[in-house]
Structures are given as C-alpha cells and as structure tokens.
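Residue-level structure breakdown
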Amino acid sequence: MKKLNCFLILFSAFSQLVFSQQKTENTFEKIRNHYEKMTIDDIRAMSFVNTYIEKAKKEKNYLKLMQGYRDGRQFDYINKLKYADSAIAISVQYGTKDDVSKDHLSKGVIYYYYFKNYKSALSEYLKAYELSKGSKDGYHHHKIIYHLGVVKEHLGYYQEAWEHFNDCASFYSKELHQALHENLQFNYKKAYLNSIHQMSVVSRLLKNYASCDSLNHLGYKLSLNDKDFVLENSYFLKEIGILKYHKKNYQGAIKDLTQSLPAILRRNDFSWVSVVYFYLGKSFEAQNRKKEVIQYYSWIDSIFEKQHFLSPEVYPSYNYLIEYYKKRDLKKQLYYTNQLLEADSLLSKDYPYLSLNLHKDYDRQSILEAKNNIENVSRRKILFAKIIIVSGALLLAFLIIRSINDRKIKKQYDLLQKRIAEGTYNMSNLAVEEPSENSLRKTFLTPKMTAEIKEKLEKFENELQFRKKGLTQKSIANRLNTNSHYLSIYINENKGMNFNKYMAQLRINYITNLLNTNNKYLHYTIEALAEECGIAARQNFSNLFFEINGIRPTDYIKKRKQDLGIS
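Residues numbered from 1 in each chain as written. Predicted model: local features only at pLDDT ≥ 70, side-chain atom pairs only at ≥ 80, totals over all residues. Heavy atoms only, no water.

What to know about the overall build of the protein
As a reminder of what qualifies: Numbering of helices and strands runs from the N terminus; a helix is a DSSP stretch of H or I covering at least four residues, while a strand is a stretch of E covering at least two. Should any heavy atoms of two residues lie within 4.5 Å, those residues are considered in contact. Accessibility throughout is a Shrake-Rupley quantity obtained with a 1.4 Å probe, and a residue counts as covered only by protein chains that appear here.
Looking only at helices and strands, the protein has 26 helices and 0 strands in total. Considering only residue pairs separated by 6 or more positions, the protein has 60% of its internal contacts joining residues 24 or more positions apart. Entry remark: accessible area of the protein is about 33,100 Å², with carbon and sulfur atoms responsible for 55%.

In structure tokens, the structure reads:
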C-alpha cells in the first residue's frame, strides 16, 4: 500500500510535468521558435506556420492570425500572394493603419521580386505610401521610399531613384548610431546596406564611377566577415567586379563576379544573377574567349525563358548571340531573334523610359520627338510665365515687408534719439513716497541702510563696475558690504525693477550712449559690443538691446551711420 501511494504521487508529478511542457510547447512563441530563424522560402517552416495559424483561428486571436499569414507569405514560395492577401484582409479588419500599409508593401515586394510585375508592385507601394502618411514609423516609411526607388530605377529614372536611396541611407545611417535592440540594429543595418548598394548601382548606370567605387568599398567593408550579411557582401562584390570590367581589369572582374555568384544564386535572385552572367560574358568577350561568352549569354536566355524576365542592362547579350550564330546555326539564330523580339516587347511594356532609347524605329522616334518638342516649348512658356508671376509676387511681398520693417526701425530709432537728446534715456532713482502713519511700510530698510546702499550703488554705477562679466546679485551685495535681500529690496523700491532688469538696463544704457557719442564703437562687431558692456552672449545682448531700446543693435548702428554719413 505504501509503495502504491508513492507510485501515485510520482505518477501525478510526472504527468503534471509532461502536460505542463506540452502546454508550454503549444504557445505561439514556442511554435514560432521552430521556424522564425529559418531562411526565407524554406518550405519546411510551413508545417509549424500552419500549426500557428490553426491555433490563432481556434482561439480567435486575430493579431496572431495576422502574424501567421505574414509568416506563410515569407516561407511558402508557391502561395505567397494568397498569404499576402489573407494578411491584408485581417489587418484591414483588426490591425492598425500601419499594419495595412506594411502588408500592402510586402505584397508589392512579392510582385517585384518574385514575378517582376512592376505595375502591380508600384500599385501596392503607392497604397502603402498613402497609408503611411502621418505614421511615426520612420523605418517603414523609408522602406516604402526605398521600394519606390527600385521601381523608378527599373523604369530608367535613375536620378530620381538615386534621391530615394540617398534619403533612405541618410535615415538608416542616423538611426544606426542610436541605442537599439539587436533585432532593430540588424534591420537598420540591412536596410542601410541595401540603400547604399542601390545608390552604387544607380551611380554606375549614371556613369558616376567615382561615387560607385566609394559606395562599393564602404558597403563591402561594413558587411565583410559578417554571417548575417553574406548576401549583401556579395552584392557589393558584384558591383566591384562590374566596375573592374568598366576599368578594363577583366581578370579582376571575372574573379570578383564569380566569387559573388554563390550567395546570389542561393537567394534565387535571378535578376542580379543575369546581370552577373552578362558582365562575366562581357569580360570574356573582351578577351575574345567566345566559348565562355556563349555559355554565360545562353544562361541569361535560360533565365528569361524560365522567369519571363529580362533586365534592360543585359539586353545586348542577344545581339551577340544572333551575330554569333548567323553563319553557324540558322535555327539558333532564328531562336535568339525571336527571343530578342519577345524581350523587346516586354521592355516596351514594362520599361517605357528605357524602351524609348533602345527601340530601333527611328521614324516613330522622330515623330514623337517633334511632338514632344512642341509640347515642351509650350509647357516651358507657361512654366516661365508662372515663375515670373510667382517671383514678382514674392519680390513685391518682400519689398512691402521690408518697407514696413524699415519704417518701424526708423520710428524706434528716432524715438530713442529723442530720449537721449532730452536726457530721459538713462535710469534715475524713483521718488519713494513716505508711508502714512496708518499704512504699513513697504520695506524694513532703515533710512540709514537705504542711504548707505544708495551711496555704494551710485559708486558702483559711476565706476562702471557693472561691465564685469558674471556678476550676480550676491556678488554685488558682497561688494557693497550688504546682503542680497537688502539689495533686492532697494533696487525694487528705488529703481522700480528687479535685479536682472536693473543690470540689463545699466549695460544697455552704457553701450547705447557709447554708440551715440563715440563713432569708433559703430565699427565694433556685436560680439565686441556685448563684451564691452559685460554681456557674455551675442544673442542675449541683441535681445536685451531690442527689449530696452525697441530696436536691434545692427539696425541702430546702420541708422546711426546713415545719420552721421559714415560708410
């Protein structure tokens, strides 16, 4: 019996431990731990993702369901768009405006990256951008800006694209210097590297090779020997190789381009794979190694055949293949000619800007150019007229505002000069009414104390001791052999102001009189004038001068010089 009781106790404890572990294992976090660090498009993650989604549906936890659909979108290569649409549907119903924006952006990335459907990608990006307005999520906002830049790059608007990427690089670089969680640090660094990679690409397409070279080496150095950024490092190595080709260092180009390929192939980034193949082919072409050229150019065609995508940059590979097979294999020549026509049709549809430059129909081009020239001349005339009108209005507004300000300055200057001429400008002791017998005295200073402070303060003023910097009420009280409280009472009751105002008036009165009586001070800088009267900061001096005199010191000096005929 004793043994049976012990067994039941042990069995109960073991059961609780097992069931507790199973319960813990089934939390959303535990399920997600199985796959969250897997590589994108790793289909093995989907068994766990489906468990996560089913749990969220069962518990009606819509925020977790949203995350589950986003995870499915990341790992299910075949059904990405289906999961993207599901994520959008849930975020519209249960998420925030930022959630909806992020899911539209992700759908756009799928259209761009996996289908090279730029029109659909751009449509999703623009929806995401509209929804992100007013958002405080700077990372997401600049992510949209980045992808809009990518579309513009592929349409051939290189300068506009560069501005997008530069804006993103500046933002991400600034944020990298903040104290961030390691996950955020990773995201910002990745975004920064992608931005400067795209800046490098666009700089190369604009033939700004110096900028391209600088960006390549910066990105390559930042991503070197970092297992989290192997792909990014390969992208920079790819650009370094392409730049070596342009510098006619063909062996160096082949080495770097070949070394960059494995990571880009693993990522299945067929767009950049085709570009690497193209420049490998170009490098071998420069060395007259036709066998290797044909190999790489035919691989570009294989990508086009499989993905129905061709980067405008690799377009000339077909010209080489057609020319090569002209007298060798008519069947292949016809095949590559048909491929070229199909590619041309694709480019005409997806790349209107580049297609205009690549197309061979010169007659149609001339007609379009003539039409555009007429329209552009008309637009320029209208634009010029608008600029003239707006500029004229701005100039008139500026002149009116300046005239009003000049009148105000002259009025204040004349008023100040009148006060100086009449002798009412400097401070004087206020008349202190004797308290009546039935009223309380305003102060507990004895007549003797008042007289002593008055005498010492007059000496302080006459000897210009206020010109010393850093004076405080306490330091002046010590100098007058009294305490700061008595000094404050005296200044308040006999000068009609507090200590700070009293010191400001002494100093500004002093410097104003110097400007009015000694022309050499009219040539002093504002800093020197502030130094002369004991005020430490230029801006503080200018503000106090304006507060007391109603005019800025620069304006007073200008008017005074005009009065005296001094240049």
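Here the narrative resumes.
So, helix α23 (residues 499-517)
Put simply, the test is: In this analysis, the expected span of each helix is defined as 1.5 Å times one less than the number of residues it contains. Note on classification: 1.4 Å probe, protein chains only; a residue is buried when its accessible area is under 20% of the maximum for its type, exposed when over 50%, partly exposed between these limits. Nitrogen and oxygen atoms within 3.5 Å of one another constitute a polar contact, given that in protein one can donate a hydrogen and the other can accept it, and given that sequence-neighbouring residues count only through two side-chain atoms.
Helix length check: α23 (19 residues) gives 27 Å between terminal C-alpha atoms against 27 Å at 1.5 Å per residue, within 8%. With respect to burial, α23 is a largely interior element, 15 of its 19 residues being buried. In this structure Asn-498 caps α23, since a side-chain oxygen of it lies 3.3 Å from the backbone nitrogen of Asn-500.

Some thoughts on the nonpolar core
Condition: Residues belong to a common nonpolar core when they are buried Ala, Val, Leu, Ile, Met, Phe, Trp, Tyr or Cys residues joined through side-chain atoms within 4.5 Å.
The biggest cluster of nonpolar side chains holds 77 residues, and the ones touching the most others in it are Ile-196 and Leu-310. It is helix α14 (residues 270-286) that provides the largest number of residues to this core, a total of 10 residues. Core analysis: the second largest hydrophobic core is formed by 43 residues, Phe-499, Met-503, Cys-533 and Phe-541 among them.

Structural notes on a nonpolar patch on the surface
Short version of the rule: Patch construction takes residues with relative accessible area above 30% that form no salt bridge. Like charges are linked within 9 Å, and nonpolar side chains (Val, Leu, Ile, Met, Phe, Trp, Tyr) are linked within 5 Å. Salt bridges are defined by distance alone: a side-chain nitrogen of Lys or Arg within 4 Å of a carboxyl oxygen of Asp or Glu.
A contiguous nonpolar surface patch, about 290 Å² in accessible area, is contributed by Leu-395, Phe-398 and Leu-399. You can see Leu-395 is positioned in helix α19 (residues 362-422).

Here's the deal with the pattern of salt bridges
Note that side chains of opposite charge can pair when their charged atoms are close. By the definition in use, this model includes 28 salt bridges. When the shortest N-O distance is used, the salt bridge between Glu-531 and Lys-469 registers 2.6 Å. With Glu-531 in helix α24 (residues 526-533) and Lys-469 in the loop between α20 (447-462) and α21 (473-479), this residue pair connects regions lying 62 residues apart in the sequence. Overall, Glu-531 belongs to the partly exposed group, its relative accessible area being 47%. Using a relative accessible area of 37% as the deciding quantity, one classes Lys-469 as partly exposed.

Some points on the packing of aromatic side chains
Quick reminder of the rule: Note on ring pairs: Phe, Tyr and Trp rings are taken, using the six-membered ring of Trp, and paired if centres are within 6.5 Å. Classes follow the plane angle, with under 30 degrees stacked, over 60 edge-to-face and the rest tilted. Whether a charge sits over a ring comes down to the Lys NZ or Arg CZ being within 6 Å of the ring centre and within 35 degrees of the ring normal.
The final tally for this structure, using the stated rule, is 34 aromatic pairs. Taking the centre distance of 5.3 Å and the plane angle of 55 degrees together, the rings of Tyr-277 and Trp-299 count as tilted. In this pair, Tyr-277 is assigned in helix α14 and Trp-299 in helix α15 (residues 290-307), connecting sequence segments 22 residues apart. A relative accessible area of 34% places Trp-299 in the partly exposed class. Relative to Tyr-336, the ring of Tyr-335 has its centre 5.0 Å away and its plane inclined at 70 degrees; by these criteria the two rings are edge-to-face. Its relative accessible area of 32% is what places Tyr-335 among the partly exposed residues. Overall, the relative accessible area of 7% leaves Tyr-336 in the buried class. Each member of the aromatic cluster is reached from another via a ring pair, and the members are Tyr-245, Tyr-250, Phe-278, Tyr-279, Tyr-297, Phe-304, Tyr-318, Tyr-320, Tyr-324, Tyr-325, Tyr-335 and Tyr-336. Over the ring of Tyr-83 we find Lys-82; its NZ or CZ atom is 5.2 Å from the centre of that ring.

As for helix α5 (residues 80-94)
Since the α-helix advances by 3.6 residues per turn, residues separated by three or four positions end up pointing in the same direction. In this model α5 runs 21 Å from its N-terminal to its C-terminal C-alpha over 15 residues, within 8% of the 21 Å that 1.5 Å per residue would give. For α5, the full list of buried residues reads Lys-80, Tyr-83, Ala-84, Ala-87, Ile-88, Ile-90 and Ser-91. Buried positions along α5 lie against α3 (46-59), α4 (62-75), α6 (97-115) and α7 (118-132).

Topic: the environment of Leu-280
Along the chain, the position of Leu-280 falls in helix α14. Classification of Leu-280 as buried rests on a relative accessible area of 0%. Along the chain, Leu-280 and Thr-258 lie 22 residues apart, while their C-alpha atoms are 7.8 Å from each other. Not counting chain neighbours up to four residues away, the residues in contact with Leu-280 comprise Ile-254, Leu-257, Thr-258, Leu-261 and Tyr-296.

Let's talk about the confidence of the model for the protein
Condition: Each residue carries a pLDDT score, the predictor's own confidence in it, on a scale running from 0 to 100.
Here the protein averages 83 in pLDDT, and 86% of its residues register 70 or above. Below a pLDDT of 50 lies the segment residues 7-24, which in the model reaches 1 contact outside its immediate sequence neighbourhood of four places, other chains included. Overall, residues 429-441 carries pLDDT values under 50, and its contacts beyond four positions in sequence, including any with other chains, amount to 12 contacts.

Things to note about unusual backbone geometry
The phi torsion at Lys-248 lies on the positive side, around 70 degrees, for a residue other than glycine. Phi at Leu-464 is positive, roughly 55 degrees, even though this residue is not glycine. With respect to the helices and strands, Leu-464 occurs in the loop between α20 and α21.

Observations regarding the environment of Val-109
As for its placement among the helices and strands, Val-109 is situated in helix α6. Exposure remark for Val-109: the relative accessible area of 24% places this residue in the partly exposed category. Along the primary structure Val-109 and Ala-121 are separated by 12 residues, whereas in three dimensions their C-alpha atoms are 6.5 Å apart. Apart from residues lying up to four places away in sequence, Val-109 is in contact with Tyr-114, Tyr-125 and His-147.

Examining the environment of Gly-281
Residue position: Gly-281 is located in helix α14. A relative accessible area of 0% means that Gly-281 is categorised as buried. Spatially, the C-alpha atoms of Gly-281 and Ile-294 are 7.4 Å apart, while their sequence positions differ by 13 residues. Residues in contact with Gly-281, not counting those within four places in the same chain, are Val-293, Tyr-296 and Tyr-297.

Topic: the side chain of Thr-482
In this fold, Thr-482 is placed in the loop between α21 and α22 (484-495). For Thr-482, a relative accessible area of 19% puts it in the buried group. Thr-482 has contacts with Ile-453 and Ala-477, leaving out every residue within four places of it along the chain.

Digging into the packing of helix α13 (residues 250-266) against α14
Definition in use: To get an axis, fit a line to the C-alpha atoms, keeping to the stretch in contact for a helix; angles then go from 0 to 180 degrees between the N-to-C directions. An angle below 35 degrees is treated as roughly parallel, one above 145 as roughly antiparallel, one from 65 to 115 as roughly perpendicular, and anything else as oblique. Crossing chirality is assigned from the near helix's rotation relative to the far helix, an anticlockwise turn below a right angle marking it left-handed and a clockwise turn marking it right-handed.
At a minimum axis separation of 10 Å, α13 and α14 run at an interaxial angle of 160 degrees. Between α13 and α14, the interaxial angle falls into the category roughly antiparallel. Here the hand of the crossing between α13 and α14 comes out left-handed. Each of Tyr-250, Ala-253, Ile-254, Leu-257, Thr-258, Ser-260, Leu-261, Ile-264 and Leu-265 in α13 lies in contact with α14, whose residues at this interface are Trp-272, Val-273, Val-276, Tyr-277, Tyr-279, Leu-280, Ser-283, Phe-284 and Ala-286.

Some points on the packing of α14 against α15
As a reminder of what qualifies: In this classification, Asp, Glu, Lys and Arg are treated as charged, Ala, Val, Leu, Ile, Met, Phe, Trp, Tyr, Cys and Pro as nonpolar, and every other residue, Gly included, as polar.
Two numbers describe how α14 lies on α15: the axes approach to 8 Å, and their chain directions differ by 160 degrees. In this view, α14 runs roughly antiparallel relative to α15, as classed from their interaxial angle. Taken as a pair, α14 and α15 cross one another with a handedness that is left-handed. Each of Phe-270, Val-273, Ser-274, Tyr-277, Phe-278, Leu-280, Gly-281, Lys-282, Phe-284 and Glu-285 in α14 lies in contact with α15, whose residues at this interface are Glu-292, Val-293, Tyr-296, Tyr-297, Trp-299, Ile-300, Ile-303 and Gln-307. In the contact of α14 with α15, the residues fall into 12 nonpolar, 3 polar and 3 charged.

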